[in-house]
Amino acid sequence: MEAAARAVSPRGGLPAWALGLIPLALIGALIGAFALLGGPGLGERTGPPVEKVSVEQTVLRPGTIELTLRNDGPDPVEVAQVAVNDAFAPFSADGGREIGRLGSATLRISYPWIEGEAYEVRVLTSAGGTVDAEIPVATETPAADLDFYGLMALLGIYVGVIPVGLGMLWLPFVRRVGPTWIAALMAFTVGLLAFLAIDAALEGLEIAADAPAAFGGAALVFAGALVAYLVLAGVDAYLRARGEVSAGTGGAAASGGLYLALLVALGIGLHNLGEGLAIGSAYATGALALGAFLVVGFAIHNTTEGLAIVAPLRGGGATGARPGLGRLLGLGLLAGAPAVLGAWIGAAAFDPSLAALLFGVGVGAIARVIVQIAPSMRDGDGRYLHPVSVAAMIAGIAALYVTGLLVTV
Amino acid sequence: MSDRRLSRRALLGAAATVPAAAGLHSLVSRGGLGGEAALAEPGAGNGAAGHLAHGGHERFAHAAFAPGRTVDHRANGFNPTEVLRDFDWGRTRRLASGRLLREWTLVAQDHEIEVAPGVKYEAWTYNGRVPGPTLRAREGERLRINLVNSSEHPHTIHFHGIHPSLMDGMPGIGERMGGGQIEPGESFAYEFEAEPFGLHLYHCHVAPLAAHIAHGLYGAFIVDPKKGRPEADEMVMVMNGFDTNFDLSNEVYAVNTVGFHYVNEPIRVKRDALVRVYLVNVLEYDPLNSFHVHANFFQHYPTGTSLEPKEYTDTIVQGQGQRSILELKFPFDGDYMFHAHVSEFAELGWTGFFRVGDPSLLGGAAAAAAYCKLPWGGGSPA
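All of these numbers come straight from a predicted model, not from anything done at the bench.

**Q** Before we go on, may I ask you to explain the overall build of chain B in this structure?
**A** Within chain B, the regular secondary structure consists of seven helices and 21 strands. Buried residues in chain B amount to 43% of all 382 residues. A separation of at least 24 residues holds for 68% of the contacts in chain B among residues at least 6 apart in sequence.

**Q** Could you clarify how one ought to interpret the overall build of chain A in this entry?
**A** When helices and strands are tallied, chain A shows twelve helices and eight strands. Residues classed as buried in chain A amount to 49% of the 409 residues present. Expressed as a percentage of contacts within chain A between residues at least 6 apart in sequence, the contacts between residues at least 24 apart total 81%.

**Q** Whenever I open this one, the pairing of strand β1 (residues 53–61) of chain A confuses me. Can you help?
**A** Each regular strand displays side chains that alternate between the two surfaces of the sheet. Residues and elements named next belong to chain A. Two elements, β1 and strand β2 (residues 64–71), share eight bridges in a ladder whose sense is antiparallel. Paired with V59 across the two strands is E66, which belongs to β2. Between the end of β1 and the start of β2, which pair antiparallel, lie two residues, with G63 showing a positive phi angle near 75°.

**Q** What exactly am I supposed to notice about the sheet that holds strand β4 (residues 91–94) of chain A here?
**A** Note on sheets: strands pair through backbone hydrogen bonds, and any given pair is parallel or antiparallel. Residue and element names in this part refer to chain A. An order of β1-β2-β6-β4 is seen for the four strands of this open sheet, with the pairing classed as antiparallel. At either margin of the open sheet sits one strand with a lone partner, and together these are β1 and β4. Each strand of the sheet is rotated relative to its neighbour by a mean of 20°, with strand direction disregarded.

**Q** How should the nonpolar core be read in this particular structure?
**A** In globular proteins that are soluble, nonpolar side chains generally tend to be buried together. Counting residues in each nonpolar core, the largest one holds 116 residues, and the members touching the most others are A:V82, A:I109 and B:Y278. With residues near it in sequence (within four places) discarded, B:Y278 still touches B:L199, B:A220, B:I222, B:E234, B:M235, B:V236, B:M237 and B:I325. Counting 84 residues, the second largest nonpolar core, distinct from the first, contains A:V159, A:Y259, A:L260 and A:A347.

**Q** Just checking my understanding: could you explain the confidence of the model for chain B for this structure?
**A** As a note on interpretation, predicted positions should not be read in detail where pLDDT is low. Residue and element names in this part refer to chain B. For chain B, per-residue confidence averages 83 on the pLDDT scale, and residues scoring 70 or more make up 78% of the total. Per-residue pLDDT stays below 50 along residues 1–59; that stretch engages in 131 contacts with residues further than four places along the chain or on separate chains. Our summary of model confidence lists the complex with pTM equal to 0.75 and ipTM equal to 0.77.

**Q** Help me understand the packing of helix α3 (residues 146–167) of chain A against helix α9 (residues 325–336) of chain A, please; the structure alone is not making it clear to me.
**A** For any two helices packed against each other, one specifies the crossing angle of their axes together with the interaxial distance. Residues and elements named next belong to chain A. At their nearest, the axes of α3 and α9 sit 8 Å apart, and the two run at 140° to each other. Looking at the two axes, α3 sits oblique to α9. For α3 against α9, the interelement crossing comes out right-handed. Seen from α3, the contacting residues are G160, V161, V164 and G165; seen from α9, they are G332, L333, A335 and G336. Partitioned by chemical class, the residues of the contact of α3 with α9 number four nonpolar, four polar and no charged.

**Q** When you look at the domain arrangement of chain A in this model, what are you seeing that I'm missing?
**A** All names here are of chain A. Taken as a whole, chain A is organised into domain 1 (53–135) and domain 2 (146–408). On the domain 2 side, the residues contacting the eight residues of domain 1 number ten residues. With five residues, β1 is the single largest residue contributor to the side of domain 1 that touches domain 2.

**Q** Hey, could you run me through the packing of helix α5 (residues 179–210) of chain A against helix α11 (residues 352–373) of chain A in this one?
**A** All names here are of chain A. Two numbers describe how α5 lies on α11: the axes approach to 8 Å, and their chain directions differ by 160°. With respect to α11, the element α5 is oriented roughly antiparallel. Note on packing geometry: the crossing formed by α5 with α11 is left-handed. Residues belonging to the contact of α5 with α11 are distributed by class as follows: 20 nonpolar, four polar and two charged.

**Q** Sorry, what's going on with the sheet that holds strand β10 (residues 218–224) of chain B here?
**A** Residue and element names in this part refer to chain B. Taken together, five strands build an open sheet; the order of strands is β1-β5-β10-β9-β7 and the sheet is mixed. Of all the strands in the sheet, the pair left with one neighbour each is β1 (87–88) and β7 (158–159). Here two bridges tie β1 to strand β5 (residues 134–138), and the two strands are oriented parallel to one another. Pairing of D88 across the sheet is with L135, part of β5.

Rules and cut-offs
Sequence positions are assigned chain by chain, starting from 1 and proceeding in written order. All chains are assigned letters beginning at A, and all ligands numbers beginning at 1, according to the order in which they are written. Under the rules for a predicted model, residues below a pLDDT of 70 receive no local features and side-chain atom pairs below 80 are neither given nor counted, while totals for whole chains, interfaces and linings still include all residues. Segments assigned H or I by DSSP are reported as helices when at least four residues long, segments assigned E as strands when at least two residues long, and all are numbered from the N terminus. Neighbour counting defines burial: a residue surrounded by 20 or more other C-beta atoms within 10 Å of its own C-beta is buried, one with 12 or fewer is exposed, and intermediate counts give partly exposed, using backbone-placed C-beta atoms. Contact criterion: two residues are in contact if their C-beta atoms, reconstructed from the backbone, are within 7 Å. Only strands joined by at least two bridges in the DSSP assignment are considered to pair. Axis angles are defined between N-to-C directions and span 0 to 180 degrees, where every axis is a line fitted to C-alpha atoms and, for a helix, only to the segment in contact. Note on terminology: a nonpolar core is a set of buried residues of type Ala, Val, Leu, Ile, Met, Phe, Trp, Tyr or Cys, with members joined through C-beta atoms within 7 Å. pLDDT is a residue-level measure of predictor confidence that goes from 0 to 100. Orientation is classified from the angle alone, with under 35 degrees giving roughly parallel, over 145 giving roughly antiparallel, 65 to 115 giving roughly perpendicular, and any other angle giving oblique. The crossing is said to be left-handed when, going from far helix to near helix, the turn is anticlockwise and less than a right angle, and right-handed when the turn is clockwise. By the convention adopted, Pro, Cys, Tyr, Trp, Phe, Met, Ile, Leu, Val and Ala count as nonpolar, Lys, Arg, Asp and Glu as charged, and the other residues, Gly among them, as polar. Annotation comment: domain bounds sourced from an automatic or database domain assignment.

In structure tokens form, the structure reads like this:
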């Protein structure tokens, strides 16, 4: 068979690219004909139109509630009326009341909502269907001005940059301890990262549940994770091929302590991007109160991430280089600053689909980092799981779980 | 990291500023209160409904539909303003015995109706309208109601009144005699005496009962006393609702089907003229409904079976199937709201206005003059 096929192609005289294009052209022609003929043989569609609408954003201004709706179903949906807490309320619709497939519309509803109370907004479609949006605690959505972005930046610095920086102060300690301690610290980091990955995955899935299914929903989390993992693996392979990283099978130092630290910082940074996103959007929708307690909780929580970054920087070893202050700062910013960026995005233009994707990216990045630093936790016999590493991993998981309690309240 | 699961209340600081947006109770002195006509009276000093005047910070005078769109009554085939005073006396003829026979034909048909601007509902109707025609007769007359079922579903007409079981419109009773459940394409003539006098109702009684009633198969049935009632401006209000998303609770409430209709088209009545409201509650899925009129009181005749009023009040409560005759006079010109005092229903459509006289002429002086003319008003205006 194989041989026959190969024998035929030169006789046909068509270049390979043409052979590749022919099926594509045929598919295009078929689709065109099918559409032109109106789907022959399929008959009339049965059943009433399918109405699926998700609420993408809720913005509260004095006397006004703004809802951004996304038509997630196969048929156009027409918004007919809106009721807030079982009372019809006048509204206007930007972009018209009819929402095409995957289209969106913003409803500006006049309603004298009261700070701190809960509301249910019910959108009534022309077919009599309903779309409900919940406002658990009404509070005015902050205007997206300079002050607001400043506040979000400050918030990002509080929960991202500063704690990570503080955690990195363990560097001198890390440099002094022996190889068993290093293996334990790396295992601690692995446990910590594993917990972060699980947390980010769950968070992403939770957000995806609110996202329009048409854009992928939960699949976005997995796709984001897969793509992030592959990209990081590709970058790693590329750098190794250029010889910038010594192919390490040994301990942390052998595979490039700084490089590993960079990877950990990148993974944590991507995770903090998602975290900032969630914080920003929660703050913008009034779901998050910025208590000092909460900020302290985040700080303690994220301090452990700083330790994870410096754990590979034992110094000495194959690379021998002791990273300077500038590089350390760079690592801290890489891990922490994305929280600021995330908070900006989340507060200004929160989109559940984007958020789900970004959380997925964080998960993939962390998974890749775990794979990358796992060799550093091996003991003298080359075992991954030895009493010290197991205990340290559990300690890492426990550390994040316990500090996480501070921010779950 | 779980900001979404935070117990937000616990973390909320002191900040609880109440936005000064809400002119909540400012009532409205100008009609056409729901639709485009709901714009503020220019320069009106009454704190009234400027609620749609400028984008953004609108006042919220009362619940209302979105502006710029009204129900297409022509497509519906009926207009609640006309339904209000549309009494169907049927056709009459003398029987050989000398008695009067009053006869109607009701056709059960499926018909899509608009119950709120833009909101369509696949109703089941008698004669294409919801509520069905208001059948009116005099006590003691012989009545014949021909039901023609051209719906896709089996139906009956079950009358509240006094009659033999075959004429009761109950599935399972009288099928062998052509009665009971009337299948699509079939017909049946209900025949009975008009008794007792009062305000009654009719509705389909096919199971599932709630679904058949909720879909729109009901109407008012008035039996006048032999000597009649005093001359009055009479109107029918059938309190109903529509479960448009089939979750067994209503999305739209109304009298005579279209939510907020009598806000957009206030009911015009004359000052000092006797107004008689035939009020029937057929609302499905909610245990109680009620009626309240602003700035006035009415005489309440439960079921209309007595010529003596039972109570002088401004609010009554009715369960499903309960009905009452209400009599009142408006001593002042102006717009007077009436609504269910189940506020939820009121804000989901069951609200309207009586318009007495010409409100555009209603100034402070006119109001004072009107007040002075009242027995307790103290004579001529100051």
